[in-house]
Amino acid sequence: EDGFFSDANWVDNAPTRLVFMGESLRQLRFDYPAMDRKPPSVRTEDYSFARWMFRLGPKAQEVRPDLAICFMSNPQRLLSTVPDYVRTLLNKVPIVFTTRFESSENMRMNMRRKLGKDLVLHHTRSLFSALAHAERPEFDDNGWFFAVRGTGAMDKVLNSSLLSAYQPAPAAAMRLDDGETVDALFWGILDIKYDTAAPVQDRVKILETGDGQTSKFSGDGQPIRLKAQKYRIPERADERFRAYRVISADKKLTHDVLEQAGYLHLIPRQVCKPRKYRPELAAEIAKELEIAGDDLVILKLCNRSRGAGVMVTPVRGLQKMLEVLLHPPRREELKEFFSKNMKGLDKWLGSLERGSGSSNYNLLRRFASLSEYDQQMRHWWSNESPVFLAERCCPSLMTVQEGQEYDATLRIAFALRQQGSASAQTSAPLSPQDLAIDWLGGYWKLPLKAADGGADRESIVSAASSAGTAPVAFEHLHEVYAAIGEAVQDLFGAQLTLEWMQERYKSERELSAFLTTRFRLSEYSDAQARQAINETIDSFDPGDDVCTQVLLSFLYRARGASEARSAGSPNWGPESTSDFQASLQRMPTNALSMYLLGTRLLQEGKTQEDWKDGVEYLCKALFLDPDFRPGYVNLAIGYLHLLEHARALSVAQAGLARFKDTMQARKIIGVGCYMGAHANRQADPWRPSAEQAERRKRFREFCTLGCEAIEEVRAKSKKMGDMLEKMLANMQGAPEEWEPLDIPERLGSGWLIRLYRL
């Protein structure tokens, strides 16, 4: 259809017929338009058609093909599906086998030994594959081929290990001895839907990109993190990917950059709409995505990752869901929402002060364990992007675990290295030609529910940390690698410019302002970015338009965060507080503005009232965004400031349940347990014996939990501080042998996390 075979008979212009044979092929009957010669014809058929096409039978004249090609064959599948009468056609016919990776020297020697004179062409690089221009790619569909003569040689290939046992050579880093490393610029992940039942160009759909250092690798993904340790990423290497940081943080921008680079087939069909409800919006989305009825649509927030804000609905339920998502609570409703949640949180945390840190731990987890629907809805309320995305639902091939089928998500990991003439010593941006990729492996991330449980979020969106993982077949990984081609290099090496963004989004004013502001905050100085933000704010009429209000909330918050960033910790700059407050005036559900206000009050506040106000802001931020690591850490530190150690301990435990690698949370748990143990350490002869026994029990529980937390900090931190060392020594000793320890008034202030999300 694309004309690739229009000159297949260019040597002699002889009549030529190309027949693609296989199972479940899309029907194709195609004759190229005649020019100055007879063009070839192309068609697809199943294997049974071979009897008629080649006139097989006792009285028919036998017509054999001139050439046969097996495209990237799975030997077992070919042996089981190709009928004997087709194979008899190929006697003495040249048969080409294509592969998607280069053969090793050992494989080439085995070919020569087993095939002898029937090997008519050694393993050779194709000049016509998708990545023929690339310098030694690791994977490339039909990128290499070899040829044999006749059915006997074909059987030797299919029945031997020449194809099935071959695996591509490991990446350079995997060939190193223990302790040795290879320099890399970045290592990251792609989350993908992969379906072998789909047409070839629709099998791989990239959902999201991410940083490997902040991604989770549970279960079958753990070996990937071990492989990644072979790569040494120099300090400040990520400065060469500033444009990628902007691109990858926004799904709309990722989609558009990949589309511009020619990879539209690798991304789900998508539409982008303003976050403003209209009665006709659902019908518009369904029409543009060409879906209806029970077809599934995926709703996403542009600037959130790890599945945050992803909602799944059939088209018939789309309008109702949009009504809910695009109508955040009004001010009075929000006031009631915060009041109800604060009372509930106070009740749960208050009950902890009457028990140990471990036995009542699950009470607080209710605070951080909302239903999936409620949690995703709050992400929509608090999000700063003025637009959202709707995508067609793309399934994966079914992954079977314990007898049940799951529509899982494939996560693959990669490392990017520098190649070519670009200097490693400069901070200049890199082009795609400067980048080489090493694939580190992959695994399936399972959703919470099996596919037979109905099509909803819990059966489609992966939740590996709670639902589990599964291994992925090598042949599937290799097909995905080859299908992706150079998309990763094109994404990381994209030369993003302000002019391109302004031209691309000139008809979408709020989206243009949002993306160009984020670009300036990444590429320009803070002072230059703030000047541009001032001009952008002045260019918008602060009326009642929902999208404009959302955008202005982001702009004010970004201006305040930029000032705080340039002031440097522990300073915040004179105007940041008023900017955060102005942000909340435009969008009262902006969780980031609440988080920043609360963090500033903890860091710069001088009184208990300041710290109480900071704690209240941080609580509200977590009510709106319970999937925010810094919120848990800073709220727990706020309770330390207020000397409410049991509450600090419990908030830190809730955060650690979500984010297992949070060292600040472990430090707070150690401090909270120390204070709890200290309160139960002294024996009181006037108390009843049963009460004294309970105090001793709580003392031991606090010491055990506190020692575990601090020892974990020591194992993963080069320096954890004298105070934690002394706390650990006391909790490891007998209660009567504790050494006096001076506790600072603003305990934990050095552990506060200032995250600007610019």
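The following paragraphs examine the structure supplied in this document. Predicted model only: the values in this text are computed from it and were never measured. (Residues numbered from 1 in each chain as written. Predicted model: local features only at pLDDT ≥ 70, side-chain atom pairs only at ≥ 80, totals over all residues. Heavy atoms only, no water.)

Describing unusual backbone geometry
The step from S569 to P570 runs through a cis peptide bond, and the omega angle for that step is 5°. Summarising the element assignment, P570 is placed in the loop between α21 (546-567) and α22 (576-586). If you check the backbone angles, N142 has positive phi at about 55° while not being a glycine. In this structure, E290 takes a positive phi of about 60° despite not being glycine. Residue E290 is classed as exposed on the basis of its relative accessible area of 54%. (Helix = DSSP H or I, 4+ residues; strand = E, 2+ residues; numbered from the N terminus. Buried < 20%, exposed > 50% of the residue type's maximum accessible area, 1.4 Å probe, protein only.)

Points about the pairing of strand β14 (residues 311-314)
Taking every second residue as pointing to the same face, both faces of β14 are buried, with M311 and T313 on one and V312 and P314 on the other. As judged from the four bridges shared by strand β13 (residues 296-301) and β14, these two strands associate in the antiparallel manner. Across the sheet, the residue bridging to I298 is V312, located in β14. (Pairing = 2+ DSSP bridges.)

Some details on the environment of Q489
Inspection of the secondary structure assignment puts Q489 in helix α17 (residues 487-492). Note on Q489: relative accessible area 7%, which makes it buried. For the pair Q489 and L430, spaced 59 residues apart in the sequence, the C-alpha separation amounts to 9.6 Å. Once residues within four sequence positions are removed from consideration, Q489 is found in contact with L416, P432, L435 and I437. (Contact = heavy atoms within 4.5 Å.)

Considerations on the pattern of salt bridges
Using the criterion set out here, one finds 38 salt bridges in the structure. With a closest N to O distance of 2.7 Å, R203 and E479 form a salt bridge. Of this pair, R203 sits in the loop between β9 (186-194) and β10 (204-211) while E479 sits in helix α16 (residues 474-484); the two residues are 276 residues apart in sequence, bridging distant segments of the chain. Between K251 and E208 there is a salt bridge, with the nearest N and O atoms lying 3.6 Å from each other. With K251 in helix α8 (residues 251-260) and E208 in strand β10, this pair connects stretches of sequence that are 43 residues apart. Classification of K251 by relative accessible area gives buried; the value is 11%. Via salt bridges that share partners, K273, R278, E280, E284 and E288 belong to a single interconnected network. (Salt bridge = Lys/Arg side-chain N within 4 Å of Asp/Glu carboxyl O.)

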